[in-house]
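# A structural walkthrough
One-letter residues, chain by chain:
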Amino acid sequence: MVDDSDSTRRVRVRRHSWARVLIPVVLILAWVIGAGLGGPLFGKVDEVSSNDQTSYLPSSADATKVQALLSEFNDGDSIPAIAVFVGDEELTDEDLETIADAVADAPSLEGISDEVSPAIASDDDMAAQAFIPIESDAELAETAQSLSAQLQDEAPDGVTVYITGPAGFSADLVAGFSGIDGLLLGVALLAVFVILILVYRSLLLPIVVLSTSLFALCVALLVVWWLAKAEVLLLSGQTQGILFILVIGAATDYALLFVARFREELRVTHDKGAAVLSAWKGSFEPILASGGTVIAGLLCLLLSDLKSNSTLGPVAAIGILFAMLSALTLLPSMLLLFGRAVFWPRRPAFEPDVVAEENGMPSKGLWAKLAGLIKRRPRVIWIATTLVLLAGAAGVTQLNAVGVPQSDLVIGESEARDGQVALGEHFPGGSGSPAYVVVDEASLQDVADVLLSNDGVDAVAVNASDSPSGTANVTSDGISAVGPPGTPAPAPTVVDGEVMLQATLTDAADSDAAASTVRDIRTELADYDALVGGVTATSIDTNDASIHDRNLIIPVILVVIMLILMLLLRSILAPVLLILTTVLSFGTAMGVSALVFNGIFDFPGADPAVPLYGFVFLVALGIDYNIFLMTRVREESIAHGTRQGVLRGLAITGGVITSAGLVLAATFAALSVIPILFLVQLAFIVAFGVLLDTFVVRSLLVPALSYDIGRKIWWPSKLGRGEE
């Protein structure tokens, strides 16, 4: 006769076994489906993204308002390209005729507008230029490249052709970002894979960990892509690259923390299910706190005036959310299925007696020795490291983050940059990229006179639809007639009672001199309620908004993260000290970076957003490692006292946090393969800052300072009144 209770127990065991298998399988299938839907979108991000700088400006900016009016005054929506023809010798009439034919033939190319201008020779007869609009819906980089090749083929012998102007520089940016889907992702994944192989000395586990990162990225991209398609979010190549790196780095870091806990549990239990559950319980709070801190910091970017910043916040936050979810659902499911086999050939042994003898703390190895050193000389260590960091931070005074010329945004060879140099040698520097001034029709001549009186303005024209070139020159005597004597002057194009003037600047549109001229023009035209836009104005408005965002958002992020840490650690003093050490680490990273940028790479400067982005990622991500450390220190302090808890926390988490830091530094360093100045600088700042935080701040400064302070570090919680 079978005992009912025994039969019921066996049924429950079978149900539990089925549930143990079914739940992870369902979770894995759900992630596989999501990744299958998101994966094909990697090659389609450009369908829902834009690199147009004006689309990221505040709607209240003059440059934004003028950009919105351009299509109304020009009867079209195109991007102007400037074709510059430079001869080895003076251009003959025959050369100019050949150039004119080549320009007239340009609209035969797909994506080129019919409204090309005639070729104009320079005063020194060494060059000619023509304006060739590229349609806004064309493949910009490919069209610019095809145009350059065709014009060069048709140009006279001894004449070099350059495509520059707004279209040329935009094409450079598009080409620069083209490696994000393939090169960037491949380099980042390869770097992480190599580090994981070295850390785990296993083949299967790195594949499992990387799978969680890739699946998180695919699902995040799926969500972001459709939100961008619905115009809920704005995407750019810059945002896309940061999303890829952030998700891979964060998801791998969270996975490393979980795997370390799982390995610990396998040493004291045969049951892989119990090991996964214990690892999940031990990892849930630090992963949630870490991801929540990063998300909170990123969402502070919503306060930004620049849409390139404000849209990065939610895009990156979505990526971090799925990185956390993959680490807490997909990874545990795969570990539950593989068990100890995932560590092959170095499977963790079942050795509860050894663990009991160690009392949960490694007695050998680098981190145990470092814990012993901190125990002997805590004050000397934290004072010495603080002084070294302060010395590095002094270099921040050398940081030039007030903006860079558009011609320097792309690193390496640039036809547009070479073309602008050639243009400046033979024509007014601002040719092809004028300042657009929108004023009331009645003020046309007065405003033109103000512009002409400025030494930074070479010539003034007004949009005129009945003129062959689409514009008419304006002098102090009025609008110039086009054609033989007696020809009536063309009428300016009027839209809602307003006209658009084009001021050709004497200096290159992206130069400091041009920026000074546009600022002067805005001041001089203040009484006319004029709107001033164009390439130079866009750069000015972007830099001004970036500086505003930097000064506003950095303090807000500090306050938000500090509040989160106070809730997590149930303390006031510990979070304040953690924030101070992280800020010091950030200052050192920026100071060293400034010296490297100026002294080694000879960069022309930095965008004002570089310090802001560096701060967001270094503080939000750098605080992650302090969270990983201090949550474990708190856990150990409850059982063993604060000072012993500091030493135990450092010894136990040292290996995993260092591995996580190496992974994150490697992923951000991968950004440097994209030849965009902003991303290269961000790559160095974050990679160096993460390594500094990992090996100096979290390994030496924070543990030594915490050990020296003792239980008061937890003030005013109960733990602050416990044992040292």
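All values reported here derive from a predicted model rather than from experimental measurement.

Calculation rules
Residues numbered from 1 in each chain as written. Predicted model: local features only at pLDDT ≥ 70, side-chain atom pairs only at ≥ 80, totals over all residues. Heavy atoms only, no water. Pairing = 2+ DSSP bridges. Helix = DSSP H or I, 4+ residues; strand = E, 2+ residues; numbered from the N terminus. Contact = heavy atoms within 4.5 Å. Axes fitted to C-alpha atoms, helices over the stretch in contact; angles between N-to-C directions. Phe/Tyr/Trp six-rings, centres within 6.5 Å; stacked < 30°, edge-to-face > 60°. Buried < 20%, exposed > 50% of the residue type's maximum accessible area, 1.4 Å probe, protein only. Expected span 1.5 Å × (residues − 1). Arc of directions from axis to C-beta. Salt bridge = Lys/Arg side-chain N within 4 Å of Asp/Glu carboxyl O.

### Remarks on the sheet that holds strand β1 (residues 78-87)
Taken in spatial order, the four strands make up an open sheet running β2-β3-β1-β4, and their pairing is antiparallel. Each edge of the open sheet is held by one strand with a lone partner, namely β2 (120-121) and β4 (159-164). Note that β1 and β4 share six bridges and pair antiparallel. Its bridge partner being in β4, Val86 is matched across the sheet by Thr160. Packing against the sheet, helix α5 (residues 165-177) makes contact with β1, β3 (127-135) and β4, and its axis sits at approximately 100 degrees to β1.

### Some remarks on the packing of aromatic side chains
Within the structure shown, the criterion is met by 14 aromatic pairs. Seen in terms of ring centroids, Trp225 and Trp226 are 4.9 Å apart; in terms of plane orientation they differ by 80 degrees. Their pairing is edge-to-face. Judged by relative accessible area, Trp225 falls into the buried class, the value being 5%. Considering the side-chain rings of Phe601 and Phe603, the 5.3 Å spacing of their centres and the 25 degrees angle between planes classify their relative orientation as stacked. With relative accessibility at 43%, the residue Phe601 sits in the partly exposed group. Judged by relative accessible area, which is 15%, Phe603 ranks as buried.

### Considering the sheet that holds strand β6 (residues 457-463)
Taken together, the six strands give an open sheet; going across it, the order is β8-β7-β6-β9-β5-β10, and neighbouring strands pair in antiparallel fashion. Taken across any chain shown, the strands that pair with only one partner, and hence form the sheet edges, are β8 (478-479) and β10 (531-533). As paired strands, strand β5 (residues 435-440) and β10 are joined by three bridges and run antiparallel to one another. Paired with Val437 across the two strands is Val532, which belongs to β10.

### Section: helix α14 (residues 378-393)
The end-to-end C-alpha distance of α14 is 23 Å, a good match for the 22 Å that 16 residues give at a rise of 1.5 Å each. Restricting attention to buried positions, one finds in α14 the residues Pro378, Ile381, Thr385, Thr386, Leu389, Gly392 and Ala393. Down the axis of α14, the smallest arc covering the buried residues is 125 degrees, so these residues share one side. Facing away from the buried side of α14, by more than 90 degrees, are the exposed residues Val380, Leu387, Val388 and Ala391. Against α13 (366-376), α19 (573-599) and α22 (677-709) lie the buried residues of α14.

### Considering the pattern of salt bridges
Overall, the coordinates contain eight salt bridges when judged by the stated rule. In this structure, Asp708 and Arg379 form a salt bridge, with 2.9 Å as the shortest nitrogen-oxygen distance. One end of the pair, Asp708, is in helix α22; the other, Arg379, is in helix α14, with 329 residues separating them in the sequence. Taking relative accessible area as the criterion, Asp708 reaches 18% and is therefore assigned buried. One salt bridge in this structure joins Arg522 and Asp541, with 2.8 Å as the shortest N-O distance. With Arg522 in helix α17 (residues 512-524) and Asp541 in helix α18 (residues 535-569), this residue pair connects regions lying 19 residues apart in the sequence. Judged by its relative accessible area of 12%, Asp541 falls in the buried class. Members of the salt-bridge network, linked through shared partners, are Glu264, Arg632, Glu636 and Arg648.

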